[in-house]
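Here are the chains, one letter per residue:
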Amino acid sequence: MSRRNALWSLAAALTVAAALTPSAPAQANNAKLQQILSQMDTASKSFKSAQADIKRVHLEKIVNDTSTESGTVYFLRSGNTTQFGGRFGPDLKIVEYKNGTVRLYTAANNHIDQVSATGANQGRVETFLTLGFGGSGADLAKAWDITYQGSETISDGAKTVQTEKLDLVSKDPSVRNNYTHITIWVDPARDVSLKQEFFAPGGNTDTATYSNIHLNQPIDMKPYTINCKGKCS
């Protein structure tokens with residue numbers, strides 16, 4: 001082999017090796033991600049409940065219009081069982097998930113929408129239950145392809161918290177039909193999300209921010225109880 005051909009062969013081999021070998025930043029990011037997931041695994045074992053204020057902003061891209069609603073949410077975990085609910089105003093809406101059923105009560109028309117979260121629906125619901133608030137790092141990695149995007153400081157009411165920004169692509173095609181990817185800002189030490197941003201295929205986004213998070217404290221369930229006025233439609 002001539003000297004020139006040998007140099008070309010060496011260059012080609014180095015190019016292939018570079019493509020196959022993760023760069024130092026990629027290796028560092030992967031190590032950091034594994035550390036975050038491990039922290040979530042540890043915190044999830046002691047997670048029992050969380051309650052927080054929530055602000056949700058929906059962006060309708062085609063008309064560049066946003067709508068906002070605020071309220072409170074709670075999460076309860078016991079073993080493999082999860083229950084959650086939310087209360088939003090000023091036009092009262094209450095959402096709950098328990099015993100395999102999702103219900104949405106709208107006070108304006110005294111109406112309940114109900115969906116069974118069993119079979120394929122159960123899998124989709126449980127996929128979203130991995131997004132912090134007691135979901136383990138192992139469950140998150142099982143349901144999503146994860147990219148670590150660095151640390152950010154976010155307000156949690158009266159204090160600020162360093163969060164880890166993770167971009168998630170669902171491994172379930174049916175979930176990707178609704179959201180191409182989701183970005184979460186998680187506090188792995190407590191296993192709670194302080195922000196979640198959902199990206200729809202058409203460009204619409206839904207952003208939820210959580211603050212004043214109370215962890216493993218008693219929750220007053222009365223505000224989240226669905227009480228129809230008379231008979232619900």
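A brief structural summary. (Residues numbered from 1 in each chain as written. Predicted model: local features only at pLDDT ≥ 70, side-chain atom pairs only at ≥ 80, totals over all residues. Heavy atoms only, no water.)

A tally of helices and strands in the chain yields 5 helices and 11 strands. Counting the 233 residues in the chain, one finds 36% classified as buried. By sequence separation, contacts in the chain at least 24 residues apart represent 49% of the contacts at least 6 residues apart. Here the chain displays about 13200 Å² of accessible surface, and carbon together with sulfur accounts for 52% of that area. (Helix = DSSP H or I, 4+ residues; strand = E, 2+ residues; numbered from the N terminus. Buried < 20%, exposed > 50% of the residue type's maximum accessible area, 1.4 Å probe, protein only. Contact = heavy atoms within 4.5 Å. Areas by Shrake-Rupley, 256 points an atom, 1.4 Å probe, with all protein chains shown as cover.)

What follows is about the nonpolar core. L131, L140, W144, I146, L166, L168 and I184 are the most contacted members of the largest nonpolar core, which totals 17 residues. Elements represented by at least two residues in this core include exactly helix 2 (24-46), helix 4 (137-143), strand 7 (144-156), strand 8 (159-170) and strand 9 (181-187). The biggest single contributor to this core is helix 2, with 4 residues. The contacts of I184, once residues within four sequence positions are left out, are L131, E164, K165, L166, L168, S193, K195 and Q196. Grouped together as the second largest cluster of nonpolar side chains are 16 residues, F47, I54, L194 and A208 included. (Core = buried A, V, L, I, M, F, W, Y, C linked by side-chain atoms within 4.5 Å.)

All chains considered together, the criterion is met by 6 aromatic pairs. For the ring pair F84 and Y97, a centre distance of 5.6 Å and an interplane angle of 35 degrees mean the geometry is tilted. Here F84, found in strand 3 (residues 81-89), pairs with Y97, found in strand 4 (residues 93-98); they are 13 residues apart in sequence, far enough to count as distant. The exposure class assigned to F84 is partly exposed, which follows from its relative accessible area of 21%. A relative accessible area of 7% places Y97 in the buried class. An aromatic cluster of three or more residues is present, and its members are F75, F84, Y97, F133 and Y210. Above the face of the F88 ring, R56 is positioned so that its terminal group lies 4.3 Å from the ring centre. Looking at K195, its charged tip hangs above the ring of W185, at a distance of 4.5 Å from the centre. (Phe/Tyr/Trp six-rings, centres within 6.5 Å; stacked < 30°, edge-to-face > 60°. Lys NZ or Arg CZ within 6 Å of the ring centre and 35° of its normal.)

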